[in-house]
Each structure stands twice: as structure tokens, then as C-alpha cells.
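Geometric and topological summary
Each chain, letter by letter, is given below.
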Amino acid sequence: MSDKHALKAFILQRIPILHWAQEYNTKKFISDCIAGFTVGLTVMPQALAYATLGGLEPQYGLYSAFVGCFIYTIFGSIKDITIGPTALMALMTYQQVVGRNSDYAILLCFLSGIVELIMSVLHLGVLVDFISIPVTVGFTSATSVIIGSSQFGSLLGLKISSNGFFDTITKVIQNIHLTRLTDLGLGVGCIVILLLLRKLKDLKLHSKGTKPTKTQQSLNYTLWLISTSRNAIVVIVCSAIAYMYESQESGSPFRLTGDVKSGLPAFKVPPFTTVVGNSTKTFPDMLSDLGSSVFLVPIIAVLGNVAIAKAFATGEVIDATQELLTLSFCNIMGAFFSSMPITGSFSRSAVNHASGVQTSMGGVVTGIMVLLALGFLTPYFAYIPKASLGAVIVCAVIFMIEYEVVKPMWRSSKKDLLSAFATFIFCLVIGVEYGILVGVAINIMFLLYPSARPGVQVEQCRTSNGKDYILITPGNALYFPAVDFIKTSVAKTGLSSKNLPVVIDCQFILGADFTAAKGIAALISEFFTRKQPLYFLNPRLEVVSVFRGVLSENFVFFNCKNKLENTIEEESLNTTDEQEMLLGHDSSLPKSIELKEISVNGTSLSHRKFSTNSSSNVT
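Small disclaimer: the values here were computed from a predicted structure and weren't measured. (Residues numbered from 1 in each chain as written. Predicted model: local features only at pLDDT ≥ 70, side-chain atom pairs only at ≥ 80, totals over all residues. Heavy atoms only, no water.)

The subject of this paragraph is the sheet that holds strand S6 (residues 468–474). One open sheet accounts for five strands, arranged S5-S6-S7-S8-S9; its pairing is mixed. The strands lining the two open edges of the sheet, one partner per strand, are strand S5 (456–462) and strand S9 (557–558). As judged from the two bridges shared by strand S8 (residues 534–537) and S9, these two strands associate in the parallel manner. Following the sheet pairing, Leu537 is matched in S9 by Phe558. Contacts from helix H23 (residues 514–529) reach strand S7 (502–505) and S8 within the one sheet, and its direction differs from that of S8 by about 135°. (Pairing = 2+ DSSP bridges. Helix = DSSP H or I, 4+ residues; strand = E, 2+ residues; numbered from the N terminus. Contact = heavy atoms within 4.5 Å. Axes fitted to C-alpha atoms, helices over the stretch in contact; angles between N-to-C directions.)

Turning our eyes to something else, we now look at the side chain of Asp80. Topologically, Asp80 is positioned in the loop between helix H4 (59–75) and strand S1 (83–84). The class for Asp80 is buried, based on a relative accessible area of 1%. A polar contact of 3.1 Å, which involves the side chain of Asp80, links it to the side chain of Lys79. Non-local contacts of Asp80, meaning those with residues more than four positions away in its chain, are made with Phe312, Ser349, Asn352, His353 and Val357. (Buried < 20%, exposed > 50% of the residue type's maximum accessible area, 1.4 Å probe, protein only. Polar contact = N/O pair within 3.5 Å; in protein donor to acceptor, adjacent residues only side chain to side chain.)

Now for the nonpolar core. Formed by 103 residues in total, the largest nonpolar core has its most connected members in Leu62, Met92 and Phe139. Counting residues per element, this core draws most heavily on helix H14 (residues 293–312), at twelve residues. (Core = buried A, V, L, I, M, F, W, Y, C linked by side-chain atoms within 4.5 Å.)

Once that is clear, we can look at the pattern of salt bridges. Enumeration over the complete set of coordinates arrives at seven salt bridges. For Asp183, the salt bridge is made with Arg180, and the minimal N-O distance between the two is 2.6 Å. Here Arg180 falls in the partly exposed class, since its relative accessible area comes to 31%. Asp468 is paired through a salt bridge with Arg462; the nearest N and O atoms lie 2.7 Å apart. (Salt bridge = Lys/Arg side-chain N within 4 Å of Asp/Glu carboxyl O.)

Here Asn231 is to be found in helix H12 (residues 230–246). Assessed through its relative accessible area of 8%, Asn231 is described here as buried. Considered as a pair, Asn231 and Ile193 are 38 residues apart in the sequence and their alpha carbons are 9.9 Å apart. In this structure Asn231 touches Thr42, Pro45, Gln46, Leu194 and Val392, once residues within four positions along its chain are discounted.

The next point concerns the packing of helix H7 (residues 133–150) against helix H18 (residues 386–397). When two helices pack together, their arrangement is captured by the angle between the axes and the distance separating the axes. Remark: H7 packs on H18, axes separated minimally by 9 Å, with the N-to-C direction vectors making an angle of 165°. Between H7 and H18, the crossing angle belongs to the class labelled roughly antiparallel. Two packed elements cross with a definite hand, and for H7 against H18 that hand is left-handed. Along its contact with H7, which presents Ser144, Ile147 and Gly148, the element H18 presents Ile393, Val394 and Val397. (Parallel < 35°, antiparallel > 145°, perpendicular 65-115°, else oblique. Left-handed = near helix turned anticlockwise from the far one by under 90°.)

With 16 residues, H23 should reach 22 Å at 1.5 Å per residue; the first-to-last C-alpha distance of 23 Å fits that figure. Listed in full, the buried residues belonging to H23 are Ala516, Ala517, Gly519, Ile520, Leu523, Ile524 and Phe527. Projected onto a plane normal to the axis of H23, the buried residues spread over an arc of 160° and lie on a single side. Counted as exposed and oriented over 90 degrees from the buried face of H23: Phe514 and Thr529. If you follow the buried residues of H23, they end up packed against helix H22 (483–495), S7, S8 and helix H24 (541–548). Immediately beyond the C-terminal end of H23, within one or two residues, lies Lys531, with a positive phi of roughly 60°. (Expected span 1.5 Å × (residues − 1). Arc of directions from axis to C-beta.)

In C-alpha cells form, the structure reads like this:
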């Protein structure tokens with residue numbers, strides 16, 4: 001019976017629709033329809049724009065916009081998230097498609113899904129944790145600048161093809177004299193209108209602190225709907241204007257999107273071979289051409305999706321594995337419908353949330369709208385001015401530049417600015433894939449540096465009876481990068497302490513390895529040779545276990561500071577007594593004879609102070 005309950009719980013966890021569908025009702029359905037319709041108005045112009053940004057024909061944006069909606073409805077765990085093409089995924093796709101063909105984008109989508117599926121099965125979502133907020137800030141800001149600059153050609157009416165930020169700027173400057181004033185005017189006008197409409201949703205017709213009337217509520221909702229549908233409104237109006245011009249003999253003064261292939265995409269296996277130019281590319285060739293993007297694209301997609309999930313979870317625990325699994329299904333299935341790589345969209349998820357979506361069923365409505373657009377509206381998409389799509393993209397990405405975090409980052413942790421700015425600069429200079437790798441590498445260096453150069457606190461302490469000793473406290477685990485540093489620090493301290501007992505406080509040493517144990521063995525041998533006590537305080541059992549595997553003698557440790565200090569006092573007293581005994585003998589006798597006499601009259605000083613076996617533990 002317990003096995004059945006466990007299986008049922010597992011199925012409900014992995015297929016969330018089975019859980020929330022039991023409580024679904026008409027009220028939720030109406031809310032989901034309104035939200036899905038609103039998101040549909042947002043996603044269609046964005047999808048067309050992002051396909052163009054990705055170096056693909058416009059219809060590929062719509063191909064990428066509906067599969068994720070249906071898949072996420074079944075497997076998604078956060079009701080607000082909408083899956084589809086994004087500016088970031090489009091940019092990373094463009095870098096793989098430029099100079100090739102759309103088959104690379106579709107294959108990249110499929111392989112991204114496979115990598116995400118493997119990550120979910122192996123619970124490797126933790127890899128995303130190695131991408132810190134500063135790296136994310138630098139990466140997101142750089143991609144926003146790259147995406148925004150890539151639209152300069154559309155806004156100016158130029159026919160240019162570029163790869164990267166500096167290449168775009170260079171070609172825009174070289175062709176600036178070919179600027180079409182009509183496109184420039186339309187693009188700037190669209191940007192201004194989009195920004196004004198974006199602010200419209202914040203306009204309230206009732207006074208602050210007062211309850212709005214029903215009429216005011218209706219008007220407020222209308223203003224909000226106009227604001228959230230601003231992309232569709234601007235694109236539709238611009239298309240109508242272009243159509244009016246195009247129907248005349250003079251033709252349209254704007255550069256238009258051109259013919260968009262109508263009809264639904266065919267369901268077919270992703271392309272594992274393709275033809276570029278006059279040469280046939282096999283799967284290994286295509287895989288080699290895609291390079292590191294096969295791994296970086298899914299990691300970036302997961303990073304974005306998890307970040308959105310956290311933003312809209314409203315206090316709920318995020319099942320990262322489930323989100324990863326769902327995203328993998330979206331990309332794998334999307335590839336069978338000619339989709340480019342997709343992930344969660346923050347802007348559309350925000351619209352979905354603000355529209356009052358109740359369940360993931362809103363995605364079904366959005367998906368149906370995209371399918372209807374593919375079936376009936378594609379002939380009209382040909383009249384969309386490229387400048388208006390460029391304006392949509394620019395207005396979507398300019399708010400992704402996170403300049404406001406620089407000041408608090410400077411105040412709290414200046415080293416994080418280094419990884420943020422390094423990521424930003426390298427993304428612009430050498431490409432977003434390598435830029436984020438540089439940022440992650442810098443972060444890992446920051447993580448490893450304390451392991452190689454841990455803080456070492458040295459202080460002179462005194463027992464209750466006034467006996468001095470040196471207390472050394474390393475500030476990190478004792479692994480091989482730090483061994484020489486710790487060994488040198490302790491040795492120098494011991495030499496400069498005038499033979500006072502040295503105590504290594506192990507409270508912060510959470511682990512050790514074989515190299516560390518060998519280094520400590522050499523250190524103990526050095527102290528033993530010059531007859532200087534070296535003790536260890538509060539080592540963890542796992543650390544003692546590692547040390548015992550290497551140290552056969554002379555390793556003395558304490559689990560109680562009082563007993564440590566008592567031992568130091570006893571050793572100091574015994575040392576004084578033995579020195580007095582030595583002074584009472586004939587100095588002409590060999591020193592070895594004097595030591596031998598002490599050994600006969602009492603316990604050997606050296607043995608009492610140092611000689612313990614590997615299991616020595618004073619408690």
C-alpha cells in the first residue's frame with residue numbers, strides 16, 4: 001500500500017496537471033482564458049521579432065511559440081511561467097545560424113533538450129549555482145546591449161548582416177549614409193509610443209488611498225490591457241499603415257518583413273544532416289560546428305527559467321528538477337516542430353501573472369492563438385515594417401540592463417564587480433558563450449583562493465597560571481593548495497616564538513587530504529627536532545582519521561582547552577625542574593650523559609612531551 005502511495009505521489013509531482021485539474025472550475029477557466037489571450041497578443045509580435053533576431057525567417061518564431069505552451073501546461077509547476085522564444089535564446093541561436101541555415105537552430109533546440117533531460121535525471125541543476133548574481137548581471141546586461149545594437153540596422157533601414165557587438169557598430173557606421181529617414185522616423189516613433197504605453201498601466205483614475213468605483217475599475221483595467229498589449233497594437237497599426245502604402249502604386253516607404261510561410265509546421269525528426277553551400281554536413285560535423293553552445297545554451301535556458309520560477313513562486317518551494325525536466329520536454333518536442341531553443345520569458349510571465357492567471361491552462365489559450373495566427377494571419381505578417389519589430393526588441397531589452405546593482409555591489413563586495421564587469425566586457429568582445437565562461441572561471445578562482453591562502457590568525461595566549469603559548473587558527477579546510485602556506489606560517493611563528501608551545505586550533509578545519517597530512521607530518525617532525533611542543537586543539541574526527549593514516553607518532557591533540565592548558569603548565573613546570581637538575585651536574589660531562597641521568601631518574605622529557613603513537617588523544 002505504501003508503494004502505491006509513493007508511486008501516486010511521484011506521478012502527481014512529475015505531472016502537476018493531475019493535481020490542479022481536480023479543483024479546476026469555470027471561474028479559473030475564464031481567468032485563464034483572459035490571461036492566455038493577453039499573453040498571445042504579446043507573444044506574436046515578439047516571436048516574429050525574435051526569429052529575425054536569431055537569423056531565421058519570421059515563421060520560425062511562431063513555430064517556437066506554441067509547443068512550450070502546451071507542454072508546460074501538463075508538466076509545469078509554476079502557473080505564471082510561459083515558455084517560448086526569448087531575446088537571449090535568439091541571440092545565442094543567431095551565433096550558430098549565421099553563415100549556415102535553420103537546421104542548425106532546430107538541432108540546437110533538440111540537443112539543448114537532451115542536455116537538460118540528462119541534467120534533470122542526474123539532478124545537475126546545481127551547476128546553475130556556479131553562475132553567481134554578478135556574472136548573471138554582467139551577462140544579461142551585455143546581451144541586452146548586443147541585442148539592442150543588433151536592431152540599429154532595422155531602425156535605420158539598413159541592409160546589413162553582422163556578427164557581434166563591434167561588428168554591428170562598425171557596419172552601421174560604414175553604412176550610416178544609406179539611412180532611410182522613413183524607417184528611422186517610424187522606428188523612433190514606435191520606441192517613444194511603446195515607452196509611453198508601458199507607463200500607461202501605472203496610471204490610476206482614482207485618488208491614492210481611496211477605493212475605485214466600478215467604472216474606474218473598468219477604465220483602469222482597460223488602460224492596463226492597452227499597456228500590456230502595446231507590442232501588438234504598435235505592430236498592427238504600423239502594418240495597417242504599410243498595407244495602405246503598399247496598395248498604392250508608390251509602394252511602402254518602409255522596409256517590410258516580407259512573405260511569411262503560412263500553415264502549421266510539419267511534424268518531423270530534427271535534422272541530423274544538412275547542406276551548407278555545396279557541402280553536406282553530417283551529424284558530427286554539425287555537432288562540431290555548434291561547439292560549446294550545446295552545453296551553454298541549455299544552462300543559460302535553465303538559469304533563466306529557474307530565476308523566473310523563483311520570482312513568481314510566491315513563497316512556494318521551487319522543484320528545480322521538475323522545471324528542468326519540463327524545459328527539456330519543451331525543447332525536445334519543439335524541435336520536432338522546427339523550433340529554435342526556447343525557455344521561460346520574464347516579460348510574458350509578468351503579463352501572465354498580472355492578467356490574473358489561475359493555472360497553467362492559460363498556456364493552452366496562448367498556444368491556440370499562435371496556431372490560429374499561423375493558419376490565418378501569416379499573409380498579413382508580410383506587411384509588418386522591420387523598424388517596428390526592431391522597436392519592439394529594443395524596448396524589451398533596454399530594461400534588462402541592470403546598472404542599478406553596481407552601487408550596492410560596490411558597497412558590499414567590490415570583488416564581485418570584477419566578475420560582473422569581466423563578464424560584461426568579454427561577452428561584448430569575444431561572444432556571450434565565452435564571456436559567461438570567463439565570469440564563471442573568475443568566480444571559481446575567488447572560491448578557490450581562500451582554500452589556497454586561508455586566513456591565519458596568530459595570537460599569544462596565557463594559561464590561568466600565567467604560562468604563555470602561541471595559538472594559531474587557520475581559517476579554512478586543510479587541502480593540498482593550502483598545505484605549504486599553512487606549514488610555512490606555523491613554522492615561522494614557531495621559530496619566532498622563543499620556543500613557546502604552539503597550538504593549532506582546528507575549529508575551522510572541516511576537512512583534510514593526504515597531501516595536507518604529509519605536510520603536517522613534516523611540520524611535527526620539524527618541531528620535534530627542536531624540542532618545541534606542537535599541539536592540535538579540537539580537530540574533527542574526519543580530520544584526525546586522515547592524519548592518522550599518515551602520522552605514526554608525535555601527533556598530540558586535545559578536545560578540551562582546559563586540559564590543553566593544564567598540559568602546557570605541567571610541561572613548563574617539568575621543563576623548569578629538569579633545567580635545574582641539569583644545572584646541578586658537572587658541566588664537563590657530555591650532554592648525552594646528563595640526559596641519560598634524567599631519563600633514569602624520571603620519565604624522558606622528549607618522550608613525555610612529544611612521543612605518542614598515532615592514537616594519542618588527550619581528553
